[in-house]
Amino acid sequence: MSITIRPALPADVRGINALVEPMTHTGVLLGKDLVSYYEAVQEFLVATDEHGTVVGCGALHVMWEDLAEVRTLAVHDAQRGTGLGHRLLDSLLERAVQLGLQRVFCLTFEVEFFSRHGFEVMSEGVDPDLYNQLLRSPDEGIAEFLDLARVKPNTLGNTRMIKQLDREI
């Protein structure tokens, strides 16, 4: 089976939603309205099979001049164990390097998976000037990055992780 990874198109949004939606019922991923996927389609990469079916996806959401978040990284059950998740994450990290970013953040239950890609559990705080700028954002992902009380306590039990990027992935 041939799998292609490419930037998502608006025509892929319903496929992304169909892939992600079952995972929201188990709490693995947060649910989003369809309109949110359309608004963020340019952030997504999709993995499609030879029939054009979306079998994987992931998004890179820029948070600051040197910082982005990996969001909505998902692979269809039939593709688990094939390395597709690793390929998608590597592609998102390559995209981050191309954008000149230095750090990539994620909020995940899959600590071991992200650790294999150089992510580490976050322990340090954020520079106070950056904190004050990011605090202005209504984005829940930024609130999670900052560990703000409005998204805590972390009832999901997921882990904040970050990766320092090399200029070449």
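Please read these numbers as outputs of a predicted model, since none were measured by experiment.

**Student:** Help me understand the overall build of the chain, please; the structure alone is not making it clear to me.
**Tutor:** Broken down by element type, the chain carries 6 helices and 7 strands. Helices (α) and strands (β) of the chain occur, in sequence order from the N terminus, as β-α-α-β-β-β-α-β-α-β-α-α-β. Going through the 169 residues of the chain one by one, you find that 46% of them count as buried. Taking as baseline every contact in the chain between residues at least 6 positions apart, the subset at least 24 positions apart corresponds to 67%. Roughly 9,100 Å² of accessible area belongs to the chain as shown, and the carbon and sulfur atoms make up 50% of that amount.

**Student:** Help me understand helix 3 (residues 84-98), please; the structure alone is not making it clear to me.
**Tutor:** Because the α-helix completes a turn every 3.6 residues, residues three or four places apart line up on one side. Between its first and last C-alpha, helix 3 extends 21 Å over 15 residues, near the 21 Å set by a 1.5 Å rise per residue. Those residues of helix 3 not exposed but buried are Leu 84, Gly 85, Leu 88, Leu 89, Leu 92, Leu 93, Arg 95, Ala 96 and Val 97. Where helix 3 ends, the next residue or the one after it, Gly 100, has phi of about 80 degrees, a positive value.

**Student:** Can you help me understand unusual backbone geometry in this one?
**Tutor:** Both trends apply: most residues other than glycine have a negative phi, and most peptide bonds are in trans. For Thr 72, which is not glycine, the phi torsion reads 50 degrees and is therefore positive. Among the structural elements, Thr 72 can be located in strand 4 (residues 67-75).

**Student:** Help me understand the environment of Val 104, please; the structure alone is not making it clear to me.
**Tutor:** Note on placement: Val 104 falls in strand 5 (residues 103-108). Along the primary structure Val 104 and Glu 69 are separated by 35 residues, whereas in three dimensions their C-alpha atoms are 5.4 Å apart.

**Student:** Just checking my understanding: could you explain helix 1 (residues 13-25) for this structure?
**Tutor:** A rise of 1.5 Å per residue sets the reference length of helix 1, with its 13 residues, at 18 Å; its end C-alpha atoms lie 19 Å apart and thus fit the reference within 8%. Residues of helix 1 that are buried include every one of Val 13, Ile 16, Leu 19, Val 20 and Met 23, and no others. Here the buried face of helix 1 lies against helix 2 (34-39), strand 2 (44-48), strand 3 (54-64) and strand 4. Two residues or fewer after helix 1 comes Gly 27, characterised by a positive phi angle close to 80 degrees.

**Student:** Help me out: how do you make sense of the side chain of Lys 163 in this one?
**Tutor:** Counting through the fold element by element, Lys 163 comes out in strand 7 (residues 159-164). It turns out Lys 163 is buried and unbridged, and the closest side chain with the opposite charge, Asp 166, is 5.8 Å from it. Reaching out from Lys 163, the side chain makes a polar contact with the backbone oxygen of His 117 at a distance of 2.7 Å.

**Student:** Which parts of the structure should I look at to understand the packing of aromatic side chains?
**Tutor:** When we look at a pair of aromatic rings, we describe it by the centre distance and by the angle of the planes. Under the counting rule described, the total for this entry stands at 3 aromatic pairs. Taking the centre distance of 5.2 Å and the plane angle of 85 degrees together, the rings of Phe 113 and Phe 114 count as edge-to-face. Of the two residues examined, Phe 113 and Phe 114, each falls in the buried class. Taken together, a centroid distance of 5.1 Å and an interplanar angle of 80 degrees make the contact between Phe 114 and Phe 119 edge-to-face. Accessibility expressed as a relative area gives 5% for Phe 114, which makes it buried. Using a relative accessible area of 3% as the deciding quantity, one classes Phe 119 as buried.

**Student:** Hey, could you run me through the pairing of strand 4 in this one?
**Tutor:** Burial analysis of strand 4 places 9 of its 9 residues in the buried class, which makes it a mostly covered element. Hairpin geometry of strand 3 and strand 4 is characterised by an intervening segment of 2 residues between the two adjacent antiparallel strands. The pairing of strand 4 with strand 5 spans 3 bridges and is parallel. Looking at the pairing, Glu 69 lines up with Phe 105 of strand 5.

Each value, and the rule that gives it
The numbering scheme is per chain: residues are counted from 1 as the chain's sequence reads. Totals for whole chains, interfaces and linings use all residues, but because this is a predicted model, local features are given only for residues with pLDDT of at least 70 and pairs of side-chain atoms are given and counted only at 80 or more. Side-chain measures here rest on the full set of heavy atoms in the structure, leaving out hydrogens and waters. Put simply, DSSP marks the helices as runs of H or I at least four residues long and the strands as runs of E at least two long, and each gets a number from the N terminus on. A simple rule labels every residue: compare its accessible area, found with a 1.4 Å probe on the protein chains alone, to the largest value its type can have, and call it buried under 20%, exposed over 50%, or partly exposed in between. It only takes one pair of heavy atoms within 4.5 Å for two residues to be counted as in contact. Method for areas: the Shrake-Rupley scheme with a 1.4 Å probe, in which residue coverage is limited to the protein chains shown. Given the number of residues in a helix, its expected span is that number minus one, multiplied by 1.5 Å. Note on charges: Lys and Arg go in the positive column, Asp and Glu in the negative column, and His and the chain ends are not counted at all. Note on definitions: salt bridges are taken to be side-chain nitrogens of Lys or Arg within 4 Å of carboxyl oxygens of Asp or Glu. Definition of a polar contact: a pair of N or O atoms within 3.5 Å, with one able to donate and the other able to accept a hydrogen when the atoms are protein atoms, and with sequence-neighbouring residues admitted only if both atoms are side-chain atoms. Working definition: a ring pair exists when centres of Phe, Tyr or Trp rings (six-membered ring for Trp) sit within 6.5 Å. Plane angles under 30 degrees give stacked, over 60 give edge-to-face, the rest tilted. For two strands to pair, DSSP has to find at least two bridges joining them.

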